[in-house]
Amino acid sequence: MKKLLILKIGLVLLCFQWGEQVSAQVAFFFESLRQVKIHVTFRDSSYQTMLDKSGVGIIQVPTSLPPGYAVLYEPHSINYFYLVPGKKQSIHKYSDGHLEFDGEGKTINEYLNGKFLNTLNLSYEQPEEDFLKEWELLPERLQSHLDSLLLPENFKRLERKRLYYQACNMLQAYPLYRARKLRINRYSPQESYYRQVGKTMKEDEEAYELWEYRQAFKNRIRILAEKFTENKPLEQLRYALRYVQDSVRDSRLTDYLVHTFMYEHLRNFGAKDVEEFLPIYKKKVNNLARKAEFDKIYQQYSNLAKGRKAPDFLFPDINGKPVSLSGLSGKYVYIDVWATWCFPCRRELPLLQQLEERYREKPIHFVGISIDDDEGAWKRKVKTDNLRGIQLHADKNSTFRNDYQISLIPRFILIDPEGKIVDAKMSRPSESETVTFLDSLFY
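Residues numbered from 1 in each chain as written. Predicted model: local features only at pLDDT ≥ 70, side-chain atom pairs only at ≥ 80, totals over all residues. Heavy atoms only, no water.

The chain is annotated in an unreviewed UniProt entry as Thioredoxin domain-containing protein of Bacteroides zoogleoformans. A UniProt comment under Subcellular location (unreviewed entry) is attached to the chain, and it reads "Cell envelope". (UniProt positions renumbered as here; feature names shortened; annotations may be inferred.)

Draft legend 1. The arrangement of the side chain of Arg214 in detail. Within the secondary structure layout, Arg214 lies in helix H9 (residues 211-229). Only 3.2 Å separates the side chain of Arg214 from the backbone oxygen of Glu209, close enough to count as a polar contact. Not counting chain neighbours up to four residues away, the residues in contact with Arg214 comprise Asp44, Tyr208, Glu209, Tyr256 and Leu257. (Helix = DSSP H or I, 4+ residues; strand = E, 2+ residues; numbered from the N terminus. Polar contact = N/O pair within 3.5 Å; in protein donor to acceptor, adjacent residues only side chain to side chain. Contact = heavy atoms within 4.5 Å.)

Draft legend 2. Region of the structure containing the sheet that holds strand E5 (residues 68-74). Strand order in this open sheet of 4 strands is E3-E2-E5-E6, and the pairing throughout is antiparallel. Across the chains shown, the open sheet's two edge strands, defined by having one partner strand only, are strand E3 (45-50) and strand E6 (77-83). Taken pair by pair, the neighbouring strands of this sheet meet at an average axis angle of 25°, ignoring direction. Of the strand pairs in this sheet, strand E2 (residues 37-42) and E5 are connected by 4 bridges, and their pairing is antiparallel. The residue of E5 that forms the bridge with Val40 is Leu72. Strands in contact with helix H6 (residues 153-172) are E5 and E6; relative to E5, the strand with the most contacts, it is inclined by about 60°. (Pairing = 2+ DSSP bridges. Axes fitted to C-alpha atoms, helices over the stretch in contact; angles between N-to-C directions.)

Draft legend 3. Quick peek at the sheet that holds strand E13 (residues 390-393). Taken in spatial order, the 5 strands of this open sheet run E13-E12-E11-E14-E15, and their pairing is mixed. Sheet topology places E13 and strand E15 (421-426) at the edges, where each strand pairs with a single neighbour. Here the average twist between neighbouring strands, direction ignored, is 20°. Relative to strand E12 (residues 364-370), strand E11 (residues 332-338) runs parallel, the two being bridged by 7 bridges. By the bridge assignment for E12, Val333 is matched with His365. Along the sheet, helix H14 (residues 343-358) makes contact with E11, E12 and strand E14 (411-415), crossing E11 at roughly 160°. The sheet contacts of helix H17 (residues 432-442) involve E11, E12, E14 and E15, and relative to E15 the element is tilted by about 170°.

Draft legend 4. The arrangement of the state of the cysteines in detail. According to the stated counting rule, one finds 1 disulfide in the structure shown. Between the sulfur of Cys342 and that of Cys345 lies a disulfide, 2.4 Å long from S to S. Here the S-S torsion is close to 80°, and the disulfide linking Cys342 with Cys345 is therefore right-handed. There is no split in this pair, since Cys342 and Cys345 are both buried. (Disulfide = S-S within 2.5 Å. Buried < 20%, exposed > 50% of the residue type's maximum accessible area, 1.4 Å probe, protein only.)

Draft legend 5. Fine view of the packing of aromatic side chains. Across all of its chains, the model carries 28 aromatic pairs by this definition. Centre to centre, the rings of Tyr69 and Phe155 are 6.0 Å apart; their planes meet at 50°, and the pair counts as tilted. Here the residue Tyr69 occupies a position in strand E5, and Phe155 occupies one in helix H6, the gap between them amounting to 86 residues. Exposure class is identical for Tyr69 and Phe155. Each is buried. With a centroid separation of 6.0 Å and an interplanar angle of 10°, the aromatic rings of Phe294 and Tyr298 are classed as stacked. Of this pair, Phe294 and Tyr298 both sit in helix H13 (residues 288-302), 4 residues apart, roughly one helical turn. Given a relative accessible area of 2%, Phe294 falls into the buried group. Classification of Tyr298 by relative accessible area gives buried; the value is 17%. Its end group placed over the ring of Tyr208, Arg214 keeps NZ or CZ at 5.3 Å from the ring centre. (Phe/Tyr/Trp six-rings, centres within 6.5 Å; stacked < 30°, edge-to-face > 60°. Lys NZ or Arg CZ within 6 Å of the ring centre and 35° of its normal.)

Draft legend 6. Region of interest: unusual backbone geometry. For the bond from Ile409 to Pro410, the omega torsion is 5°, close enough to zero to count as cis. The phi dihedral of Arg43 falls on the positive side, at around 50°, and the residue is not glycine. By the secondary structure assignment, Arg43 is in the loop between E2 and E3. Notably, Gln405 is not glycine yet its phi reads approximately 50°, a positive angle. Along the chain, the position of Gln405 falls in the loop between helix H16 (400-403) and E14.

Laid out in structure tokens, this is it:
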């Protein structure tokens, strides 16, 4: 305990001494993290630092920025805190997850990371009518708790808005959680639910800086797009962009929504048929950082379009033999990108083996590429489950994830015998269209 106390004191001194030299910073100490990167997002910008051998790191932000909410990202968790540029602040995180705050905004940050907000939940498993009745009590419950606390009034004013939009996001999450409860792909709410969602949202330029506000607006439009377009991603994108153009007045919110809808569509479905929406993006998005981000990912996904040469790779198989994509030419290649810690990935493995058996005599390679950091865990899984096909392990320092824009797994990719992309986001073994498409190639 003495050692921890000494480290904490050292951290605060570091924060305050540096504060005399560098006028805007936040100091961090992590009891159980060493020499890893942490990130802080604040007012649409991202800041990062490498923790040293003592678990100490410093984030510096411009003093010209006004105080506001920030998000701390570390390898295994996310924490909300209130950042005050130009003031002395420090955050100490213990190995049990407990946080301690010092300096400016201490009481605010203790509130934001307190038990009440972090255990807040709704009973998503209940029927829709009962859920709506429970939800209607939530905004007042949040406001009453805030009013009972001794916090700065200027903070409370904005926090009231944030809490309200947090409640809106919890309302909008109901169809997703209800579908999981019923074990169905999609839950269609009743009209009373859509009316409630519609009543809760209105434009508020002062709330734009709040992530909860922007997210709630995005979710409202997404819910309507799903209602009126069924499960057709391109039609949902078209509906969302039309809604933004016709109904959203705030240019900053329009900028954010158009970028977010198009960027997320690219990440989830690739660049196919997105060209028709590019003029809308060019007209409505003026934020230079967003435009640069979009241009980069659009070019990357365009490189993965059907008919493009697939990026080559070279990885060791389970016996250490190097295997390259170019070395597999002459047959189709169905790639499964997975990891041992990924439950949806593991769920696909038996169905993948069924595909392998179905097309055993056909000109197609089935290739599993693990992105496990722990190579030993991958080897044990391959041997224990007797995984067939070609099993490879991707070096975390390779360009593979970036080349193929691997952000979520499982991810499936189909490549033709000439090494060209057929589908960079191929359907899963569990989806019926996979067999339908592969049958069309071989039967």
